[in-house]
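What follows is the residue order along each chain.
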Amino acid sequence: MLAITNATIIDGTGNDPIENGTLLIEGERISAVGSSNQVSIPGSATVIDAQGANVLPGLIDTHVHFLMEYPNVVNNLLTPPSLRLLLAVPRMRATLDAGITTVRDAGGTPAGVKMAVERGVVAGPRMQVSVSILSQTGGHGDGHYPCCVDLGLAGKFADVPRGVVDGVEEVRKVTREILRAGADWIKLATSGGVLSTADAPTSSQLTVDEIATAVYEAAAQEKRCMAHAQGTQGIKNAIKAGVASIEHGIYLDDEAIEMMLEKGVYLVPTLLAPMAVSKYSAQHPDIVPPMMAAKSNNVMESHVRSFERAVKAGVKIAMGTDSGVGKHGENSQELPLMVKYGMTPMQSIQASTLHAARLLHLDQQLGTLEVGKLADVILVDGDVLSDIKQIGDPANVKLVLKGGQAAKNLLSEQVPLLAGLR
C-alpha cells in the first residue's frame, strides 16, 4: 500500500484543490482520497511526503505518433524498419517521464507496440492505436513524393495496412483491414495538411460518403473515427459523417463550431504541432521541404484563432500534441499554450485528464483521482494553477505512477517499478 501525504491534490474533476491532502493507493487502484485528517494511513503503507507539491491524475495525450520524430525524410530513408520500431521505446519512455500515462497513437504504429506495453515487455503509456491513416490518392496520408517515389511504402510493416483509398468500396475494405490489424480507432485525412507535398491544409479530402463508410465499419466493431481535419470543408464533412473527434481544426468557422456543439464532437487542437515544425525547419532548412516549412508558418495564426473561438463557444476539447511531428517528451508543453490562448489552468488540466479520458471512453477507469479508479498519478513541483508552465517541464514531474507502480521516481522513497523498467 502507498500513501502520498501533505499534497495539494488536483483531482481532475474541476473541484478546488484539496490542501494538505492524502491519496491512498492499494494495488493498482485508488482506495482513498481527501484531506489528511479524513484519510487513515495503515502502518504498513509506504508513505511519500509530497511537501505541498501538486498531485494530479496522469495526463492523457490523445494524438501522438511514436513511429516518427520530426519531418526528416532523409533520416527516414536511412532507417531500417526494425530500428524504426525500436526507436519507439525511448520515445515512450520520454512520454512517461513527462507525466503522460495514456496516449492515442494517431497513425503509423502497429498494434504490437501497444501489446508489448500491455505485456510488460517495454515500458510505455497506456495506448489506443489507429495503426494506419485513410487518405485519398494525393491526400494528406499519401506518401507519393514529387520524385514519383511512394515513400509511404518505405519501411512498411506487414501489420500496418496501406491507407490510400478511393471510393466507398475501397474505404470499406481497407477500414476492415485496419480493424483486423488491431486498430482501436480509424483515422481519416479529411483535409490536406502541413507535412504532405501534394495538397494544402485548406483542401477537403474524401467525400462524406467515403467518411461515413469508415464510420459505419468502425461502429460495426464498436470502434470510432478520428479525422485529421484542418480545412473548413474537410472539418464539416467529417462532422456530418459522424466522426468522434476533429484533429487540429485549424480553419474552424461558426458553422463548424455549431456542428461540433450539436453533435458533441471533440476538438484535439495540437497547438504544439505547427510551432514544432516551424522551429525545426528554421534550424534545419536543408532537411525540411520548403513547402512544409511555409505551410507550418502560414497556419499558426489561424490555428490559434480557431482554438480561441472553440474555447469561447464551449466546444469539448481533449489535449493532443501530435508529438512525433516534434519531439516526444515535450507533450505537457501543450497545457501552457492552451492557457495562453483562452483556457484557465484548471480547464487545461481537465482537457488533459477527465475530458481526454471521456473522448477515449476511459473515464470509468482514468482521468480523475477517485476511489476505485486506476492509480495513474503524477507529482509535480510548484503550483501549477498559479503557473501552468510548471507542468510543461518534465524536470518538475518528480513521480509518475501507472497503475500504482512507478514509471518515474525522483524521490527518495522506494516504490515498486513498472514492468518493462527493470
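Numbering of residues begins from 1 in every chain and follows the order in which that chain's sequence is written. Only residues with pLDDT of at least 70 are given local features in this predicted model, and only at 80 or more are side-chain atom pairs given and counted; all residues enter the totals for whole chains, interfaces and linings. Side-chain figures throughout are based on the complete set of non-hydrogen atoms in the structure, without hydrogens or water.

1. A short note on the side chain of Thr22
Okay, so step 1: The numbering of helices and of strands both runs from the N terminus, where a helix is a DSSP run of H or I of at least 4 residues and a strand a run of E of at least 2. With respect to the helices and strands, Thr22 occurs in strand β2 (residues 18-26).
Okay, so step 2: Any residue under 20% of the maximum accessible area for its type is buried, any over 50% is exposed, and the rest in between are partly exposed; the area is computed with a 1.4 Å probe on protein chains only. What makes Thr22 buried here is its relative accessible area of 1%.
Okay, so step 3: N or O atoms within 3.5 Å of each other form a polar contact, as long as, within protein, one can give a hydrogen and the other can take it, and as long as residues adjacent in sequence are counted only when both atoms are side-chain atoms. Only 2.9 Å separates the side chain of Thr22 from the side chain of Ser36, close enough to count as a polar contact.
Okay, so step 4: The contact definition used throughout considers only heavy atoms, calling two residues in contact when any of these lie within 4.5 Å. Apart from the residues within four sequence positions on either side, Thr22 is in contact with Ile4, Thr5, Ile9, Ala32, Val33, Gly34, Ser35, Ser36, Val39 and Ile41.

2. Quick notes on the pattern of salt bridges
Okay, so step 1: Put simply, a salt bridge is a Lys or Arg side-chain nitrogen that is within 4 Å of an Asp or Glu carboxyl oxygen. The final tally for this structure, using the stated rule, is 17 salt bridges.
Okay, so step 2: Between Glu308 and Arg305 there is a salt bridge; the shortest N-O distance is 2.6 Å. Linking Glu308 with Arg305, this pair stays in helix α10 (residues 290-313), spanning three residues, or about one helical turn.
Okay, so step 3: Note that Glu370 is salt-bridged to Lys373, the shortest N-O span being 3.4 Å.
Okay, so step 4: A cluster of three or more residues bridged by salt bridges with shared partners is formed by Glu169, Arg172, Arg176 and Glu217.

3. Points about the layout of surface pockets
Okay, so step 1: Here a cavity denotes grid points, spaced 1 Å and computed from the protein atoms alone, that fit a 1.4 Å probe unable to get out, and a pocket denotes an open set having protein on both sides within 12 Å along at least 5 of 7 lines; residues with an atom within 4 Å of a point are the lining. Grid points are joined across faces, edges and corners, and a volume is the space filled by probe spheres set on the points. Roughly 410 Å³ of volume is contained in the second largest pocket.
Okay, so step 2: Of all the secondary structure elements, the ones that give two or more residues to the lining of the second largest pocket are α4 (111-118) and β8 (126-129).
Okay, so step 3: Here the nonpolar group is Ala, Val, Leu, Ile, Met, Phe, Trp, Tyr, Cys and Pro; Asp, Glu, Lys and Arg are the charged ones; every other residue, Gly included, is treated as polar. Residues of the lining of the second largest pocket, tallied by class, amount to eight nonpolar, five polar and seven charged.

4. Regarding the sheet that holds strand β11 (residues 224-229)
Okay, so step 1: The pairing criterion is simple: DSSP has to find at least two bridges between the two strands. If you trace the five strands from one edge of the open sheet to the other, you get β9-β10-β11-β12-β13, paired in parallel fashion. Two strands close off the open sheet at either side, each with one partner strand: β9 (133-134) and β13 (266-268).
Okay, so step 2: Alignment of β11 against strand β12 (residues 245-248), held across four bridges, turns out to be parallel. If you follow Met226 over to β12, its bridge partner there is Ser245.

5. What about α4?
Okay, so step 1: Taken residue by residue, α4 has Ala111, Val113, Lys114, Ala116 and Val117 as its buried positions.
Okay, so step 2: Residues of α4 that are buried in the fold lie against α2 (81-86), α3 (88-97), β8 and β15 (397-402).
Okay, so step 3: Directly after α4, the chain includes Gly120, whose backbone phi takes a positive value near 75 degrees.

6. Concerning the nonpolar core
Okay, so step 1: Definition of nonpolar core: a set of buried residues of the types Ala, Val, Leu, Ile, Met, Phe, Trp, Tyr and Cys, connected through side-chain atoms within 4.5 Å. The biggest cluster of nonpolar side chains holds 80 residues, and the ones touching the most others in it are Leu134, Ile186, Leu188, Val243 and Ile246.
Okay, so step 2: Apart from residues lying up to four places away in sequence, Ile246 is in contact with Ala227, Ala229, Ile235, Ala238, Ile239, Met260, Val265, Tyr266, Leu267 and Val268.
Okay, so step 3: Ranked by size, the runner-up nonpolar core spans 19 residues in total, among them Val55, Ala375, Leu399 and Val415.

7. Regarding the pairing of strand β14 (residues 377-380)
Okay, so step 1: Of the two faces of β14, the one holding Val377 and Leu379 and the one holding Ile378 and Val380 are both buried throughout.
Okay, so step 2: As paired elements, strand β5 (residues 54-57) and β14 share four bridges and run antiparallel to each other. Within β14, the position partnered with Leu56 by the bridge is Ile378.
Okay, so step 3: As paired strands, β14 and β15 are joined by four bridges and run antiparallel to one another. Bridging across to β15, Val377 finds its partner in Leu401.

8. Describing the environment of Lys240
Okay, so step 1: Relative to the elements of secondary structure, Lys240 occurs in helix α7 (residues 232-241).
Okay, so step 2: A relative accessible area of 47% places Lys240 in the partly exposed class.
Okay, so step 3: Taking the C-alpha atoms as reference, Lys240 lies 38 Å from Arg119; in sequence the two are 121 residues apart.
Okay, so step 4: Apart from the residues lying within four places of it in its own chain, the contact partners of Lys240 are Val208, Gln233, Met259 and Lys263.

9. Here we look at empty space enclosed by the protein
Over the atoms, a rolling probe the size of a water molecule traces out where space has been left empty.
Okay, so step 1: Per the counting criterion, the structure on display carries one cavity of 30 Å³ or more.
Okay, so step 2: Approximately 50 Å³ is the volume found for the largest cavity.
Okay, so step 3: Looking at side-chain class alone, the lining of the largest cavity contains four nonpolar, six polar and one charged residues.

10. Brief notes about the packing of aromatic side chains
Okay, so step 1: The criterion for an aromatic pair is that two Phe, Tyr or Trp rings (for Trp, the six-membered ring) have centres within 6.5 Å, with stacked assigned to planes under 30 degrees apart, edge-to-face to planes over 60 apart and tilted to the rest. According to the stated counting rule, one finds one aromatic pair in the structure shown.
Okay, so step 2: Across from the ring centre of Trp185, 4.5 Å away, lies the NZ or CZ of Arg104, which sits over that ring. Consider the ring centre and the ring normal. A charge sits over the ring if Lys NZ or Arg CZ is within 6 Å of that centre and within 35 degrees of that normal.

11. Side note on the pairing of strand β3 (residues 29-35)
Okay, so step 1: Inspection of the sheet shows β2 paired to β3 by six bridges, in the antiparallel sense. Bridging across to β3, Thr22 finds its partner in Gly34.
Okay, so step 2: Counted along the chain from β2 to the antiparallel partner β3, the turn is two residues long, and its residue Gly27 has a positive phi close to 65 degrees.

12. Digging into the packing of helix α6 (residues 208-220) against α7
Geometrically, a packed helix pair is captured by the angle between its two axes and the distance between the axes.
Okay, so step 1: Structural elements are reduced to axes, namely lines fitted to C-alpha atoms, with helices fitted over the stretch in contact, and the angle between N-to-C directions of any two is expressed from 0 to 180 degrees. Taken N-terminus to C-terminus, the directions of α6 and α7 make an angle of 45 degrees; their axes are 8 Å apart at the nearest point. In terms of orientation, α6 and α7 fall into the oblique class. Taken as a pair, α6 and α7 cross one another with a handedness that is right-handed. Across the interface between the two elements, Val208, Ile211, Ala212 and Val215 from α6 touch Asn237, Ala238, Lys240 and Ala241 from α7.
Okay, so step 2: Here the contact of α6 with α7 is built from residues that sort into six nonpolar, one polar and one charged. Relative orientations are named as follows: roughly parallel for angles under 35 degrees, roughly antiparallel for angles over 145 degrees, roughly perpendicular for angles from 65 to 115 degrees, and oblique for any other angle. Should the near helix be turned anticlockwise from the far one by less than a right angle, the crossing is left-handed, and should it be turned clockwise, the crossing is right-handed.

Coordinates in, geometry out; function isn't part of it.
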